Each structure stands twice: as structure tokens, then as C-alpha cells.
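Structural description and commentary
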Amino acid sequence: MNLNRVKNKTISLDNLRTNFQEIEPDLTPKEAIEESNRCLYCYDAPCIKACPTSINIPSFIKKIASGNLKGSARVIMESNPVGASCARVCPTEELCEGACVLNNASLPIMIGNLQRHATNWAIKNNEQLFQAGEATGKSVAIIGGGPAGLSAARELARLGYEVTIFEAKDKAGGLDTYGIVSFRLPQEISLWEVEQVEKLGVKIQTNTKVGKDIKAEEIISNYDAVVLAIGMSKVPMLGIEGEEAEGVLDAIEFVEGTKTPPLDQEFIGKKVVVIGAGNTAIDAATCSVRLGAGDVKMIYRRTEKEMTAYEFEYEFAKQDGVEFRWLTQPKRIIQDEAGKVKALECIRMELGEPDDSGRRRPTPIPGSEFTMEVDAVIKAIGQTRYVHLIEEFGLEHNKGIVKIDAATHQTSNPKVYAAGDVIFGDGQGEAMVVTAAQQGKLTAHAIHKQFITNEATLESV
């Protein structure tokens, strides 16, 4: 791909839009059938076990081979309500494709691309894959319309519940709609999954902030059950001098800005530094390249070995020309007279003994300070949590990680359940789109089981 990342300030807005088009080409019908026919359709398929949502992968692939694309899409979406998005953003090399038995003989089946092929067909043909269940007379409120919230809503609607999603943003879809770069996950894919849920009768109240536009106690009082699926919040402060300067950006907000046109042309030819080495940091760096930045660096206080980004994300950033500076920690942001970012003072680090995370602890090397000229600094050092909202619901938590009963998915308030990023952390789950979707699905079935149990108890009294 020609990325227009030249130091040429005549790059047009059309050039930038082209840079944000989806990078992975679709399989042709012929390619999809040929690839499907490579599948061994294993009886005890390890790819199914490696998928957090347990998609019946041999089944959906066999349906592609036979030309039944609707059936294939239905198998995928049955297990994973955000299966079209996950076809694009799942680390398949580490999950299903990594478990494929053909890894030992040739190349693994292109499961992610085949999943895209089937769900793309459903999208292009405007297929409604599922129907709402017979009404139970029970209502459930879901706080947050991201992957976990949508997944819970879809399952509950199919089980016959009246579901309302309260979503703070203008559109539902959460991370998939706003937080994953367009050249990997176009917004229209996520919005199709939202539409699939809405067509089941789920009400989605957008631009509604719980705790501000509607109180938590009002929701608890008006619904039979509540699912907290609020995800995580903005990037925390670095805690260094000069952080208030113009040109210091939150990576989450920065990526979101590229998902909602018009694109920002102010990065053309500029020097950008991204602080962090996770997947969001990679997204911020590669977005900067596609916005025309002339020099993009990522700095991380540990080494390549300790970075948390997926390997394929790391390779992708290197192909885009992103430079990595390991064992480097920001110390001070230097401003010009107008209060804009001018330079970043850093200090070199060395690794000591492992800390609580199991990674070796970085410590500064005295006297190793140096300065880099920069026009923008993007913070990508993790995310804060909605502690205030969690506490408004009166729930037990550990620094914003909501505690749940693993068997029932209930929080410290039996009427409130939780799923997704809000429960991930401290060794409990991994914050991936696919695991959030599975959490939402499991939570929906836990609610249904609880109501059935309660009704059976009442009937026996």
C-alpha cells in the first residue's frame, strides 16, 4: 500500500481517506471455496476449543464449501454476536488458526478470512439471522452498548426478554464502533451488528449517560435485572511536567477521531511520539502514519520482550515505518511560548527484578536524559475505570474491577450482573473483543437461569 507518508504537505483529504480504507482484501468466492476445501473438518476440532466463543468452525467452513453462506454466517453469529467484527480483530494466529492441525503440515486454514467472507455476505445481502423469542414479561437494562452489552442484549432478546441498552455515545458498538482503527475494522461492520440486535426489538437509548441523564437507582428500580457492561474510560495522566500542553493527546480519543470524519489534516509532515506499547499504542502510531505524519516513534520503558501488543500488530507497525525506542521513559514535556508541544525529555531505563506483573521492573539510569523534538505526544498507557459509576450502583470492586460470582455472574447486588472489560483484570479474563462477547453471552444465560430457578421456587411454595 502507498501510504502517502512523504514529507509532502500537499497530501489531500482524499489521500488520507484512502489510507484509512480496510487493508485486508476480501476473499473471492473461488478463493473462499478452495480454502474451505482444505479444511479437514476435524471431529474433535482444536480450533473450536481455542475460540473463546466456541464457534463451530468446521461447520461454518463446510457450509461455505457447499455454497450455504447464510447458514455459515448463522453458525458464526450464533456463537459470537459480534462475529463480523471479530473476524477482523481477533488475534487468530494465537487462537483458532494457532490451534489448527494443519500448522504441523503446511499452513493453517485462513479461519479469520473465511469468517469475514461469510459475514460479509450476510451484511451485503441485508440478512436478519435471528428472531426474538416469546415474551417472558421480564425486562433487563444493559449499561453500555459495546461488545459485551450487545452480546448480552442479543441473547436476552432471543430468550424473550424486553431489553433496553443505555449508551453514552451517539452510536452503539463501543470499542468496535469507535476504538479500533478503520483500516482494520470499518465502522459500518460494527453498526451492522448493532442493527442485528435492534431488529430483535432491543431499545438502544444513545447519548444517555447513566449517573447523569438517568440515575443508577432509577434503573435498578425499573428493571428486573441490570447488566453493567461499561468497559473502561480514558487514558490516565502520565504525571509529568508539561502534560497540559497543547498537542498532548489521549490515544483512545485520538483513534476515535479518525473513525468519525472529517479526518484531521494537521498531522501532515509532523513528528509524533506515542507513549506505550500495547495494541492501542500501535493503533495510535499507525493512525498517525496514515494522517501523513513524517516521523512516528513509539517509546516504551521496557523492552520488545515485555510489550503487550500482539505480534502481528507489532509487525504491522514496523511495516508502516514506525520507529520503536525501547527502555525509554518520558520525563518532561517541553512547551513553546504558545503552550504547544515542542520537545519531549526522556530518560533511559534498565530492567531489574520482576514486579507483581511478572515483568522485570524498569529503573532510570542516572544522567541518561535526552531530548526529542516533537509536534504531538499521544498517551497510550492503559485506561482508567468508571469507578464513580460503579460506586453509584453500590458494587464491590477492586480499583474499578467489579467483583462477580463466577457461577452466577452476579455482583455484590444480586440484581446487577457485570460483563466485559469492567470485570477483566487481576488475572480474571483477558480484555479482547471476543472474550467480552463471550462474557455478555454467558451473563445473559445466567440471568435466564436465575429467573427460571426463582419461578420454579415460587411454584413449589
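Residues numbered from 1 in each chain as written. Predicted model: local features only at pLDDT ≥ 70, side-chain atom pairs only at ≥ 80, totals over all residues. Heavy atoms only, no water.

For the protein, an unreviewed UniProt entry supplies the name Dihydropyrimidine dehydrogenase and the organism Pseudobacillus wudalianchiensis.

1. Some points on the overall build of the protein
For clarity, the cut-off: A run of H or I in DSSP counts as a helix once it spans at least four residues, and a run of E counts as a strand once it spans at least two, with each numbered from the N terminus. Restricting the calculation to C-alpha atoms gives the radius of gyration, and the globule rule supplies 2.2 Å times the number of residues raised to the power 0.38. Note on classification: 1.4 Å probe, protein chains only; a residue is buried when its accessible area is under 20% of the maximum for its type, exposed when over 50%, partly exposed between these limits. Working rule for contacts: check all heavy atoms of both residues, and any pair within 4.5 Å makes them a contact. To measure how exposed things are, a 1.4 Å probe is used in the Shrake-Rupley method; for residues, cover is taken only from the protein chains shown.
Counting secondary structure elements, the protein contains 17 helices and 16 strands. Taken over the C-alpha trace, the protein has a radius of gyration of 23 Å; the compact-globule value for 461 residues is 23 Å, and the two agree within 12%. Buried positions account for 53% of the 461 residues belonging to the protein. Taking the intrachain contacts of the protein between residues at least 6 apart in sequence as the baseline, contacts between residues at least 24 apart amount to 71%. As displayed, the protein offers around 21,000 Å² of accessible surface, 48% of which is attributable to carbon and sulfur atoms.

2. Concerning the domain arrangement of the protein
This is how it is decided: Delimitation of the domains relies on an automatic or database domain assignment. Summed over both partners, the accessible area (1.4 Å probe) lost when two parts come together is defined as the buried area. Take a side-chain nitrogen of Lys or Arg and a carboxyl oxygen of Asp or Glu: if they are within 4 Å of each other, that pair is a salt bridge. Distance and chemistry together define a polar contact, namely a pair of N or O atoms within 3.5 Å, with one atom able to donate a hydrogen and the other to accept it when in protein, and with adjacent residues in sequence counting only for side-chain atoms on both sides. Classes in brief: Ala, Val, Leu, Ile, Met, Phe, Trp, Tyr, Cys and Pro nonpolar; Asp, Glu, Lys and Arg charged; the others, Gly included, polar.
Along its sequence, the protein is organised into domain 1 (23-125), domain 2 (139-233 + 384-459) and domain 3 (248-379). The gap between the C-alpha centroids of domain 1 and domain 2 is 27 Å. Of the residues lining the interface, 21 residues belong to domain 1; the matching set on domain 2 comes to 22 residues. Together, the buried faces of domain 1 and domain 2 total about 1,900 Å²; carbon and sulfur atoms form 68% of this surface. Along the contact surface separating domain 1 from domain 2 lie 1 salt bridge. With a closest N to O distance of 3.2 Å, Glu78 and Arg158 form a salt bridge. Joining domain 1 to domain 2, the criterion identifies 9 residue pairs in polar contact (both at pLDDT 80 or more). Listed by contribution, the elements that provide at least two residues to the side of domain 1 that touches domain 2 are α5 (69-79), α6 (83-89) and α8 (111-124). By residue number, the principal contributor to the side of domain 1 that touches domain 2 is α6, which donates 6 residues. Split by residue class, the side of domain 1 that touches domain 2 holds 13 nonpolar, 5 polar and 3 charged.

3. Topic: the sheet that holds strand β5 (residues 248-250)
Within a sheet, each strand pairs with its neighbour through backbone hydrogen bonds, oriented either parallel or antiparallel. Our working definition: For two strands to be treated as a pair, DSSP must find no fewer than two bridges joining them. Lines fitted to C-alpha atoms define the axes here, with helix axes fitted over just the stretch in contact, and angles between the N-to-C directions of these axes take values from 0 to 180 degrees.
The 5 strands are arranged β5-β13-β6-β7-β8 in an open sheet whose pairing can be described as parallel. Each edge of the open sheet carries a strand with a single partner, namely β5 and β8 (323-325). Direction aside, the axes of adjacent strands within the sheet are offset by 25° on average. Pairing of strand β6 (residues 271-275) with strand β13 (residues 376-379), which is carried by 4 bridges, proceeds in the parallel orientation. Of the residues in β13, the one forming a bridge with Val272 is Ala376. Against the sheet, helix α14 (residues 279-290) engages β6, β7 (295-299), β8 and β13, with an angle of about 170° to β7.

4. Here's the deal with unusual backbone geometry
Trans peptide bonds make up most of the peptide bonds, and negative phi angles are found at most residues other than glycine. For Lys399, which is not a glycine, the phi torsion comes out positive at approximately 55°. Within the element layout of this structure, Lys399 appears in the loop between β14 (397-398) and β15 (401-402). Phi angles above zero are rare outside glycine, and His409 is one such case at about 65°.

5. Overview of the sheet that holds strand β3 (residues 203-205)
The 5 strands lie next to each other as β3-β2-β1-β4-β16, forming an open sheet whose pairing is parallel. Strands with a single pairing partner mark the edges of an open sheet, and in this sheet they are β3 and β16 (416-418). Averaged over all neighbouring strand pairs, the angle between strand axes comes to 20°, with direction disregarded. Taken together, the 5 bridges between strand β1 (residues 139-143) and strand β2 (residues 162-166) define a ladder with parallel strand orientation. Looking at the pairing, Ile143 lines up with Phe166 of β2. Here helix α9 (residues 147-158) sits on the sheet and contacts β1 and β2; the angle it forms with β2, its principal contact strand, is near 165°.

6. Thoughts on the packing of helix α4 (residues 57-65) against α8
Condition: Angle categories are assigned with fixed cut-offs, so that under 35 degrees is roughly parallel, over 145 is roughly antiparallel, 65 to 115 is roughly perpendicular, and the rest are oblique. By the definition used in this description, the sense in which the near helix is turned from the far one sets the handedness, with an anticlockwise turn below a right angle giving left-handed and a clockwise turn giving right-handed.
For the pair α4 and α8, interaxial distance at closest approach is 10 Å and the crossing angle is 60°. Here α4 lies oblique to α8, going by the angle between them. The hand of the α4/α8 crossing is left-handed. Counted together, Ile57, Phe60, Ile61 and Ile64 of α4 and Ile111, Leu114, Gln115, His117 and Ala118 of α8 form the full contact between these two elements.

7. Re the nonpolar core
Note the cut-off: As used here, the term nonpolar core means buried Ala, Val, Leu, Ile, Met, Phe, Trp, Tyr and Cys residues forming a set that is joined through side-chain atoms within 4.5 Å.
Among the nonpolar cores identified, the biggest contains 67 residues, and Ile57, Phe60 and Ile142 are the most heavily contacted of them. With 7 residues, the top contributor of residues to this core is helix α17 (residues 433-460). Lining this core are residues from two domains, each supplying at least three of them: domain 1 (23-125) and domain 2 (139-233 + 384-459). Filtering out sequence-adjacent residues up to four positions away, Phe60 remains in contact with Ile55, Ser72, Val75, Ile76, Ile111, Leu114 and Gln115.

8. A few points about the layout of surface pockets
Defined as follows: Both cavities and pockets are sets of points on a 1 Å grid over the protein atoms alone; in a cavity a 1.4 Å probe fits but cannot get out, in a pocket the set is open with protein on both sides within 12 Å along at least five of seven lines, and lining residues sit with an atom within 4 Å of a point. Grid points are joined across faces, edges and corners, and a volume is the space filled by probe spheres set on the points.
Counted as a void, the second largest pocket has a volume near 510 Å³. If you go around the second largest pocket, you meet 21 residues; those closest to its centre are Glu24, Thr92, Glu93, Asn113 and Arg184. The set of elements that each furnish at least two residues to the lining of the second largest pocket consists of α6, α8 and α15 (311-319). At 4 residues, the largest contribution of residues to the lining of the second largest pocket is made by α15. Taken together, the residues of the lining of the second largest pocket sort by class into 9 nonpolar, 4 polar and 8 charged. There are two domains that each give the lining of the second largest pocket at least three residues, and those are domain 1 (23-125) and domain 3 (248-379).

9. Details of the state of the cysteines
We count it as follows: Disulfides are defined as cysteine sulfur pairs within 2.5 Å.
Per the stated rule, a full pass over the model turns up 0 disulfides. We note that Cys86 lacks a disulfide partner, and the nearest cysteine sulfur, in Cys90, lies 4.1 Å from it. Note on Cys86: relative accessible area 2%, which makes it buried. With no disulfide of its own, Cys100 has Cys47 as its nearest cysteine by sulfur position, at a separation of 6.7 Å.

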